[in-house]
Amino acid sequence: MVSAASLASMPLFALAQGRGGACSVVNTQNTIQGIICKAGEILGVVLPFLVALAVVIFVWGVVMYVVSSDEEAKSAGRNRMIWGIVGLAVIVSLWGLVRILTNTFDLNTNQGVTLPVLPY
């Protein structure tokens, strides 16, 4: 039987397995590796905002479609829902492409987590 304490500590063991890859090397700015690393860093920062924007557009389209009684407004809501889904698909595709490239060329950027320790 697994205790609650061991289950609670599992993420610590998983995070401890990170390793520095080629993105941690400083001299990769003018190479393909550097470009892929930089794209991964930029997407890592921008991706949550783009996903949130696409979800907001989709939900806005759903609300417009459900609330409005006019056929033109329903059509506009349906178009917003479609474009929200297309936006999510494009965002996830770009994220997937960068992940495939970083994994293919072993450009893993996981640095691991340094946990604080208590002095004895």
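Cut-offs applied
- Residues numbered from 1 in each chain as written.
- Predicted model: local features only at pLDDT ≥ 70, side-chain atom pairs only at ≥ 80, totals over all residues.
- Heavy atoms only, no water.
- Helix = DSSP H or I, 4+ residues; strand = E, 2+ residues; numbered from the N terminus.
- Buried < 20%, exposed > 50% of the residue type's maximum accessible area, 1.4 Å probe, protein only.
- Areas by Shrake-Rupley, 256 points an atom, 1.4 Å probe, with all protein chains shown as cover.
- Salt bridge = Lys/Arg side-chain N within 4 Å of Asp/Glu carboxyl O.
- Phe/Tyr/Trp six-rings, centres within 6.5 Å; stacked < 30°, edge-to-face > 60°.
- Lys NZ or Arg CZ within 6 Å of the ring centre and 35° of its normal.
- Polar contact = N/O pair within 3.5 Å; in protein donor to acceptor, adjacent residues only side chain to side chain.
- pLDDT = per-residue confidence, 0-100.
- Contact = heavy atoms within 4.5 Å.
- Axes fitted to C-alpha atoms, helices over the stretch in contact; angles between N-to-C directions.
- Parallel < 35°, antiparallel > 145°, perpendicular 65-115°, else oblique.
- Left-handed = near helix turned anticlockwise from the far one by under 90°.
- Nonpolar A, V, L, I, M, F, W, Y, C, P; charged D, E, K, R; others polar.
- Expected span 1.5 Å × (residues − 1).

Asks: Please give an account of the overall build of the protein that cites residues and values.
Replies: On a plain count of helices and strands, the protein comes out with three helices and zero strands. Going residue by residue from the N terminus, the α and β elements of the protein occur as α-α-α. Within the protein, the fraction of its 120 residues that count as buried is 18%. On the protein, roughly 9100 Å² of surface is accessible, and the fraction owed to carbon and sulfur atoms is 71%.

Asks: If you had to explain the pattern of salt bridges to someone new, which residues and values would you point to?
Replies: Between side chains of opposite charge, a pair can form as their charged atoms come close. Counting across every chain of the model gives one salt bridge. Here Lys38 ties to Glu41 by a salt bridge, and the two come within 3.4 Å at their closest N and O atoms. Of the two residues, Lys38 and Glu41 are both situated in helix 2 (residues 32–67); the distance of three residues between them amounts to about one turn of the helix.

Asks: I'd like a description of the packing of aromatic side chains, backed by residues and values.
Replies: Enumeration according to the criterion identifies zero aromatic pairs in this entry. Sitting over the ring of Tyr65, Lys74 keeps its end group 4.7 Å from the ring centre.

Asks: Which residues make up the side chain of Ser68, and what are the values?
Replies: The residue Ser68 is located in the loop between helix 2 and helix 3 (71–104) in this model. Among the polar contacts made by the side chain of Ser68, one reaches the main-chain carbonyl oxygen of Met64 at a distance of 2.5 Å.

Asks: I'd like a rundown of the confidence of the model for the protein, residues and numbers included.
Replies: Averaged over every residue, the pLDDT of the protein is 76; the share at 70 or more is 71%. Element-level pLDDT for the protein is lowest in helix 1 (residues 4–15), with a mean of 49, against a maximum mean of 90 in helix 3. Note that residues 12–20 has pLDDT below 50 and, in this model, twelve contacts with residues that lie over four places away or in other chains.

Asks: I'd love a proper account of the packing of helix 2 against helix 3, names of residues and values included.
Replies: Relative orientation of the contacting elements helix 2 and helix 3 amounts to 160 degrees, with a least axis distance of 8 Å. It follows that helix 2 is roughly antiparallel to helix 3 by the angle criterion. As for the relative orientation of helix 2 and helix 3, their crossing is left-handed in sense. The residue makeup of the contact of helix 2 with helix 3, split by class, is 23 nonpolar, six polar and three charged.

Asks: How would you summarise helix 3 if you had to cite specific residues and measurements?
Replies: Taking 1.5 Å per residue as the helical rise, helix 3 with its 34 residues ought to reach 50 Å, and the 49 Å between its terminal C-alpha atoms agrees with that figure. Among the residues of helix 3, those classed as buried are Gly77, Met81, Gly84, Ile91, Val98 and Thr102. The inward-facing, buried residues of helix 3 contact helix 2.

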